[in-house]
Amino acid sequence: MTTTLYSNFSLFDGQQPQLQKQAWMQVDDQTGKITAIGTQNPPAADQQVNLEGKYVTPGLINCHTHITIDPTTYDGGTSINVVESTVRAVLNLHTMLKSGVTYIRECGSSYDIDITLSQLIANGMLTQVPEILPSGKAFSMTGGHGDSPNSGHLVDSPDEMRKAVRQAQKIGAKAIKVMATGGVMTKNDFMNDPQLSVAEMQVAVEEAHHKGNIVAAHAEGNPGIFNAIKAGVDSIEHGFYVNDEEIDLMLQQGTYLTPTIVADWAIPKFGQGILPEWEIKKAADALDDLYHNIAHAHERGVAITLGTDAGTPFNDFSMTPVELQLMVEHGFSAYEALATSSQNSARLMQIDDQYGTLEAGKFADFLVLDHDPLADITALQQTDKAVYKKGQRAY
C-alpha cells in the first residue's frame, strides 16, 4: 500500500460543527480511501501534500439533478436525440464536479442515459465526473408533469406503474422518481394539481423497496405532497407548500425534504423578457411561500437534503454552492446547510457508509478552499477550488 499525506489545513469533516485546526489526512492511493485523519503529529506517508493553511470540506452531494436537460431553455430542451443528450450530460457532469459536487442522485434523465453513464463511471471508462445514483426516466401520468416520450414513463394505473418500475430497475435504476403534482416548467399544469395517485405511487415504493432502492416524489403543492408522503416515498422534492400535517407525517416516517430553492429563485431573477410569462409567474408566486415553509420544516426537525434541480431555467450545473447560500439566507446556519449534503443527502442515498463525511474508511472526496465555509458559506463558490475524487485531484 502506498499512501499520500495531506497536511497543514483546517478541517470541516462534515460531522462536527467546528473546524479542526492543523489537521492531516492519510489516503490509500490504490483504494482512494482515508486510512487515518486527525490533528497534530501526522504519520509518515509515501507522498506528502502541504495544503498551505487552506480549508478542507467534504465534496458536495447533490441529490436532485437532471443532467440531460438544458438550463438555457424554458422546457429543458428534451426533444434532442440520444447522442446530443449524452454529450450534454457528460459536459454537465464535468461542470458539476468542477463546482465541488462529487456525487449526485439523478431525478429524471432522458433515454435512461444516467444509468449507462453510472455504469461507465463504475467501470472506470468515464472519469473526472461525479458518481451517479441513477433514476433513468421519471414516472408521470399521461398529460402530467414530465409527460415526454424521451424523458418519462407514462403510467396510468397501479399495474402500469408496477411493470414500468420493474423494467426500470431491470436495466439499473436505483432511485425511482414519481410525479405527484404539476410543476413550474409544464404550461398546462400547476403546483396544486395532484397527479399520480396514492395507489400508483405506493406500487412504485413497494417495488423499489423490494430491491433496496429509494423513491423520490416531485411534489410542490397540496394535496400532492400529502399523497406522496402517504404513499411512503423516501423524499419529497421541492415541497414548497409543505404544511404541519405533512411535517408531522414526515417526522413519523423519516421522510426527507429536498427544497431545490435555487431552481425557483432563478426563474424570476433571470428570466424576465426571456422565459414565458406563465412560467415566471408560477415561480415568482411560490418564492416567498417556499422560503417560509422550508424554514418551518427545518425548524421542526425534518431532514433537509441538498439538491438543486440542476438543468432547470438559469439553474446551471455550477449552482450547488448557491443553494447553500440561499439556505443560510433563510434560516439555516452554515453548519446546518453543509450537513444537508454531508449527512442527510448521504443517508437518503444510502451511501453514508462510504461517502459524505471525511473519516477513516470512507472515500477521500474533498474540496480545498481559500476561506472558511463555516464563517462564510459563499466560500464554496470559489471558482478555482481544488476538487479531489477518491484522493486524486480532478480540478
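Nothing here was measured: the structure is a model prediction, and the numbers come from that model.

Asks: I'd like to hear about the side chain of glutamate 279, residue by residue, with values.
Replies: Turning to its location among the elements, glutamate 279 is positioned in helix H8 (residues 277–300). In contact with glutamate 279, not counting residues within four places along its chain, are Tyr74, Val184, Met185, Ile267 and Pro313.

Asks: Give me the lowdown on a nonpolar patch on the surface, citing residues and values where you can.
Replies: Taken together, the side chains of Val82, Val83, Val87 and Leu91 define a hydrophobic patch exposed on the protein surface, amounting to about 360 Å² of accessible area. As for its position among the elements, leucine 91 is in helix H1 (residues 82–99).

Asks: Describe in detail the side chain of threonine 258, supporting the description with residues and values.
Replies: Tracing the sequence through the fold places threonine 258 in strand S13 (residues 256–258). Residue class for threonine 258 comes out buried when judged on its relative accessible area of 0%. Within the local environment of threonine 258, its side chain forms a polar contact with the side chain of glutamate 237, the two groups lying 3.2 Å apart. With residues near it in sequence (within four places) discarded, threonine 258 still touches Cys63, His64, Arg105, Ser235, Ile236, Glu237, His238, Thr305, Leu306 and Gly307.

Asks: Give a description of the packing of helix H7 (residues 261–270) against helix H9 (residues 320–329) that names residues and reports values.
Replies: In the contact formed by H7 and H9, the axes pass within 9 Å of each other and the chain directions differ by 95 degrees. With respect to H9, the axis of H7 lies roughly perpendicular. Contacts from Ile261, Val262 and Trp265 of H7 reach H9 at Val322, Glu323, Leu326 and Met327. Taken together, the residues of the contact of H7 with H9 sort by class into six nonpolar, no polar and one charged.

Asks: For empty space enclosed by the protein, give the residues involved together with the corresponding values.
Replies: Summed over the entire model, instances satisfying the criterion amount to two cavities of 30 Å³ or more. Each pocket or cavity is described by its volume, and for the largest cavity that value is around 70 Å³. The wall of the largest cavity is formed by Pro58, Gly59, Ile61, Thr102, Tyr103, Tyr355, Gly356, Thr357, Leu358, Phe363 and Asp365. Grouping the constituent residues of the lining of the largest cavity by class yields six nonpolar, four polar and one charged. Along the walls of the second largest cavity sit Phe12, Thr57, Pro58, Gly59, Leu60, Leu338, Ser341 and Ser342, which together make up its complete lining. Ranked by the residues each element gives to the lining of the second largest cavity, the list is headed by helix H10 (residues 334–348), at three residues.

Asks: So what about the sheet that holds strand S5 (residues 60–65)? Which residues, and what values?
Replies: Spatially, three strands are ordered S5-S6-S7 in an open sheet, and the strand pairing comes out parallel. Because the sheet does not close on itself, it has two edges, and the strands there are S5 and strand S7 (131–133). On average, each strand axis in the sheet is tilted by 25 degrees relative to the strand beside it, whichever way the strands run. The pairing of strand S6 (residues 101–106) with S7 spans three bridges and is parallel. By the bridge assignment, tyrosine 103 is partnered in S7 with glutamate 131.

Asks: Let's hear about a negative patch on the surface: which residues, and what values?
Replies: Together, Asp147, Asp156, Asp159 and Glu160 make up a region of like negative charge exposed at the surface. By the secondary structure assignment, aspartate 156 is in the loop between strand S9 (152–154) and helix H3 (158–170). Taking the relative accessible area as the measure of exposure, aspartate 156 reaches 40% and is therefore partly exposed.

Asks: Break down the packing of aromatic side chains for me, with residues and values.
Replies: Throughout the structure, instances matching the rule amount to nine aromatic pairs. On the numbers, 5.3 Å between centres and 75 degrees between planes, the contact of tyrosine 6 with phenylalanine 366 is edge-to-face. With a gap of 360 residues between them, tyrosine 6 in strand S1 (residues 3–11) and phenylalanine 366 in strand S14 (residues 366–369) connect regions that are remote in the sequence. As far as burial versus exposure is concerned, tyrosine 6 and phenylalanine 366 are alike and both buried. Considering the side-chain rings of phenylalanine 12 and tyrosine 335, the 6.1 Å spacing of their centres and the 90 degrees angle between planes classify their relative orientation as edge-to-face. With phenylalanine 12 in the loop between S1 and strand S2 (20–28) and tyrosine 335 in helix H10, the pair connects residues that are 323 residues apart, well separated along the chain. Here phenylalanine 12 falls in the buried class, since its relative accessible area comes to 1%.

Asks: So, the sheet that holds strand S3 (residues 34–39): which residues are in play, and what are the values?
Replies: Read across the open sheet, the seven strands follow the order S3-S2-S1-S4-S14-S15-S16; overall the sheet is mixed. On the outer flanks of this sheet lie S3 and strand S16 (392–393), each paired with one strand and no other. Judged from the five bridges that link them, S2 and S3 form a sheet pairing that is antiparallel. Pairing of glutamine 26 across the sheet is with alanine 36, part of S3.

The rules we used
Residues numbered from 1 in each chain as written. Predicted model: local features only at pLDDT ≥ 70, side-chain atom pairs only at ≥ 80, totals over all residues. Heavy atoms only, no water. Helix = DSSP H or I, 4+ residues; strand = E, 2+ residues; numbered from the N terminus. Contact = heavy atoms within 4.5 Å. Patch = residues over 30% accessible without salt bridge, like charges linked within 9 Å, V, L, I, M, F, W, Y side chains within 5 Å. Areas by Shrake-Rupley, 256 points an atom, 1.4 Å probe, with all protein chains shown as cover. Salt bridge = Lys/Arg side-chain N within 4 Å of Asp/Glu carboxyl O. Buried < 20%, exposed > 50% of the residue type's maximum accessible area, 1.4 Å probe, protein only. Polar contact = N/O pair within 3.5 Å; in protein donor to acceptor, adjacent residues only side chain to side chain. Axes fitted to C-alpha atoms, helices over the stretch in contact; angles between N-to-C directions. Parallel < 35°, antiparallel > 145°, perpendicular 65-115°, else oblique. Nonpolar A, V, L, I, M, F, W, Y, C, P; charged D, E, K, R; others polar. 1 Å grid on protein atoms, 1.4 Å probe; cavity = no way out; pocket = protein on both sides within 12 Å on 5 of 7 lines; lining within 4 Å. Points joined across faces, edges and corners; volume = space filled by probe spheres on them. Pairing = 2+ DSSP bridges. Lys, Arg positive; Asp, Glu negative; His and termini not counted. Charge placed at Lys NZ, Arg CZ, Asp CG, Glu CD. Phe/Tyr/Trp six-rings, centres within 6.5 Å; stacked < 30°, edge-to-face > 60°.

All we've got here are geometric facts, nothing functional implied.
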